[in-house]
Amino acid sequence: MPAPHSLLPPLLTKIDALIGAEKYQEVAETYSAFVKEHPTTNYLASEPIPFKLNVAFSKKYGSSATNTFTLRNTTWASDVKAALKAGPADFAALVAKYEADVAEIAKSSKKVA
């Protein structure tokens, strides 16, 4: 259970909703605004975002395609975090590219989950 004073759970809940709605630029804008106001949370705020994208892609395209993508792109999670810190446009562009890559893999992979 999070500490009652922690602001991270509401942030991550909002980011979940934005990722679910495929509003990737807004994810980065929300993250940037939060970190600007709370600079010491930079690591804790950014660390779950690649995982949350992985979950969203797995739900949409299947875990087989998503896992194949992550195995082919071993630095994808750190690249996502770097783009997140570079700015909303960079983050949105990279996530759109990665999602297109996963979608392409999904066309030829067997859906497991």
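Please refer to the structure higher up on the page.
Residues numbered from 1 in each chain as written. Predicted model: local features only at pLDDT ≥ 70, side-chain atom pairs only at ≥ 80, totals over all residues. Heavy atoms only, no water.

### Some thoughts on the nonpolar core
Here comes step 1: One finds Tyr24, Ile49, Leu53, Val80 and Phe91 to be the most contacted residues of the largest nonpolar core, which totals 30 residues.
Here comes step 2: Mapped by element, the contributors of at least two residues to this core are α1 (8-20), α2 (24-37), α4 (49-61), α5 (63-72), α6 (76-86) and α7 (88-108).
Here comes step 3: Ignoring anything within four residues of it in the chain, the contact list for Tyr24 reads Ile19, Leu53, Phe57, Phe91, Ala92, Val95 and Glu99. (Core = buried A, V, L, I, M, F, W, Y, C linked by side-chain atoms within 4.5 Å. Buried < 20%, exposed > 50% of the residue type's maximum accessible area, 1.4 Å probe, protein only. Helix = DSSP H or I, 4+ residues; strand = E, 2+ residues; numbered from the N terminus. Contact = heavy atoms within 4.5 Å.)

### A short note on the environment of Leu11
Here comes step 1: Here Leu11 shows up in helix α1.
Here comes step 2: Once the C-alpha coordinates of Leu11 and Phe34 are considered, the two residues, 23 residues apart in sequence, prove to be 7.8 Å apart.
Here comes step 3: Sequence-distant contacts of Leu11, that is, excluding residues within four places in its chain, are made with Thr30, Phe34 and Ala45.

### Focus on the environment of Ala93
Here comes step 1: Relative to the elements of secondary structure, Ala93 occurs in helix α7.
Here comes step 2: Through-space distance from the C-alpha of Ala93 to that of Ser109 is 24 Å; in sequence the pair is 16 residues apart.

### Re the packing of aromatic side chains
Here comes step 1: In total, this model carries 2 aromatic pairs according to the counting rule given.
Here comes step 2: Ring geometry for Phe69 and Trp76: centres 6.3 Å apart, planes at 65°, overall edge-to-face.
Here comes step 3: The rings of Phe69, Trp76 and Tyr98 are connected pair by pair, giving a single aromatic cluster. (Phe/Tyr/Trp six-rings, centres within 6.5 Å; stacked < 30°, edge-to-face > 60°.)

### Remarks on α2
Here comes step 1: Taking 1.5 Å as the rise per residue, α2 with 14 residues should run 20 Å; its terminal C-alpha atoms sit 20 Å apart, in good agreement.
Here comes step 2: Taken together, the buried positions of α2 are Tyr24, Val27, Ala28, Thr30, Tyr31, Phe34 and Val35. Angular distribution of buried residues about the axis of α2 spans 160°; they occupy a single face of the element. Opposite the buried face of α2, at more than 90 degrees from it, the exposed residues are Lys36 and Glu37. (Expected span 1.5 Å × (residues − 1). Arc of directions from axis to C-beta.)

### Here we look at the pattern of salt bridges
Here comes step 1: Tallying each qualifying case throughout the model produces 6 salt bridges.
Here comes step 2: Here Glu22 ties to Lys60 by a salt bridge, and the two come within 2.5 Å at their closest N and O atoms. Of the two residues, Glu22 is situated in the loop between α1 and α2 and Lys60 in helix α4; the sequence distance between them amounts to 38 residues.
Here comes step 3: Glu22 sits in the partly exposed class, given a relative accessible area of 39%.
Here comes step 4: Taking the relative accessible area as the measure of exposure, Lys60 reaches 39% and is therefore partly exposed.
Here comes step 5: Lys97 is paired through a salt bridge with Asp101; the nearest N and O atoms lie 2.9 Å apart. In this pair, Lys97 and Asp101 are both assigned in helix α7, 4 residues apart and thus about one turn of the helix distant.
Here comes step 6: Since its relative accessible area comes to 46%, Lys97 is described here as partly exposed. (Salt bridge = Lys/Arg side-chain N within 4 Å of Asp/Glu carboxyl O.)

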